[in-house]
Amino acid sequence: MIYDLRQTTVYAYASPVANAHHLLRLTPINRMRQRVHAAALEVEPVPAERREGRDFFGNHLTWIRLDRPHDELVIKLMARVTVEHFSAADVGPTPRWQEVRDAAFAINDISPQSPAHYLFASPQVSLDPEIRDYARESFPPDRPVLDGAIELMRRIKADFVYEIGVTTVTTTPPMSFALRRGLCQDFAHIMSSGLRGLGLPAAYVSGYLRTAQPGSAEQLVGADAMHAWVQVWCGPEAGWCGLDPTNSVVAGEDHIVLAIGRDYTDVAPIDGVVVASGGQRLGVAVSVTPVAA
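A brief look at the structure comes next. (Residues numbered from 1 in each chain as written. Predicted model: local features only at pLDDT ≥ 70, side-chain atom pairs only at ≥ 80, totals over all residues. Heavy atoms only, no water.)

**What to know about the pattern of salt bridges**
Piece 1. Following the criterion strictly, the structure yields 15 salt bridges and no others.
Piece 2. Across the salt bridge formed by glutamate 99 and arginine 96, the nearest N and O atoms sit 2.8 Å from each other.
Piece 3. Judged by relative accessible area, arginine 96 falls into the partly exposed class, the value being 35%.
Piece 4. The salt bridge partner of arginine 132 is aspartate 133, with a shortest N-O separation of 3.3 Å.
Piece 5. Classification of arginine 132 as partly exposed rests on a relative accessible area of 29%.
Piece 6. Its relative accessible area of 39% is what places aspartate 133 among the partly exposed residues.
Piece 7. One network of salt bridges, in which partners are shared, links Glu49, Arg51, Arg65 and Asp67. (Salt bridge = Lys/Arg side-chain N within 4 Å of Asp/Glu carboxyl O. Buried < 20%, exposed > 50% of the residue type's maximum accessible area, 1.4 Å probe, protein only.)

**Describing helix 2 (residues 97–106)**
Piece 1. Within helix 2, burial applies to Trp97, Gln98, Val100 and Ala104. Take helix 2 and look down its axis: the buried residues cluster within an arc of 160°, on one side only.
Piece 2. Residues of helix 2 that are buried sit in contact with helix 4 (145–159) and strand 10 (226–233). (Helix = DSSP H or I, 4+ residues; strand = E, 2+ residues; numbered from the N terminus. Arc of directions from axis to C-beta. Contact = heavy atoms within 4.5 Å.)

**A word on the packing of helix 3 (residues 129–136) against helix 6 (residues 184–197)**
Piece 1. Their axes nearest at 8 Å, the elements helix 3 and helix 6 cross at an angle of 80°. When the interaxial angle is binned, helix 3 and helix 6 end up roughly perpendicular. Of helix 6, the residues touching helix 3 (which contributes Ile131, Arg132 and Ala135) are Ile190, Ser193, Gly194 and Gly197.
Piece 2. Of the residues belonging to the contact of helix 3 with helix 6, the class tally is 3 nonpolar, 3 polar and 1 charged. (Axes fitted to C-alpha atoms, helices over the stretch in contact; angles between N-to-C directions. Parallel < 35°, antiparallel > 145°, perpendicular 65-115°, else oblique. Nonpolar A, V, L, I, M, F, W, Y, C, P; charged D, E, K, R; others polar.)

Quick look at the structure:
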């Protein structure tokens, strides 16, 4: 599926910002089963300095510095991306989850793509005993790792309520787990915590979701806005498989990857520091338009 992506992010400040430094993770890159035909990121006002690069995990970064007073910051992404069809059947049989756990802990590779980085606690994903025990119910002895992960994904969808306003980007997995409510990033953090608690590598993915399903009135949850899901490592042969606990689906051609990391802090679309007084208002508008199958 080929998509045209558009995202406009607007920060409106209560008083003029004299200086600002921002780190943007808003440009998609080529990945397995994903090809970027074109991508452009526009910033207004025009930065005094702008640099492009990659972070440790390979995500595209844009550094900008603004040195003139401004009361509004507008960032526009325009991209065309092809995403290949993918389903659990494409993975094939996977090993027993204990074998995957043992293989993960035996890895001595610490390159950016290594599963070793996704085994342990990270800034926003603690290894909570209650979440681990919840996840363990989906992983009886000798169960294939992907079967267990898919059941865990389905249970999160069934047991938790998608509700706007009850959590923030700083809410921890134990907090949202206790609430049994939250948004896509909360469910991705909870699933990551449970899998890692069992010794299974789990990465956090940010990106975009086509919510409208062809030939169906049913929509995936995400409102065609930025979305989050999980990638679970299924062993050296099967590799990584994306699972979306918010919608209880395997991440396939409806999911467009923007950034991958250990948790939200590694993939936050906009970080930075501004020199100003007063508050700010944030507005984000996203469109994900299929242009060809």
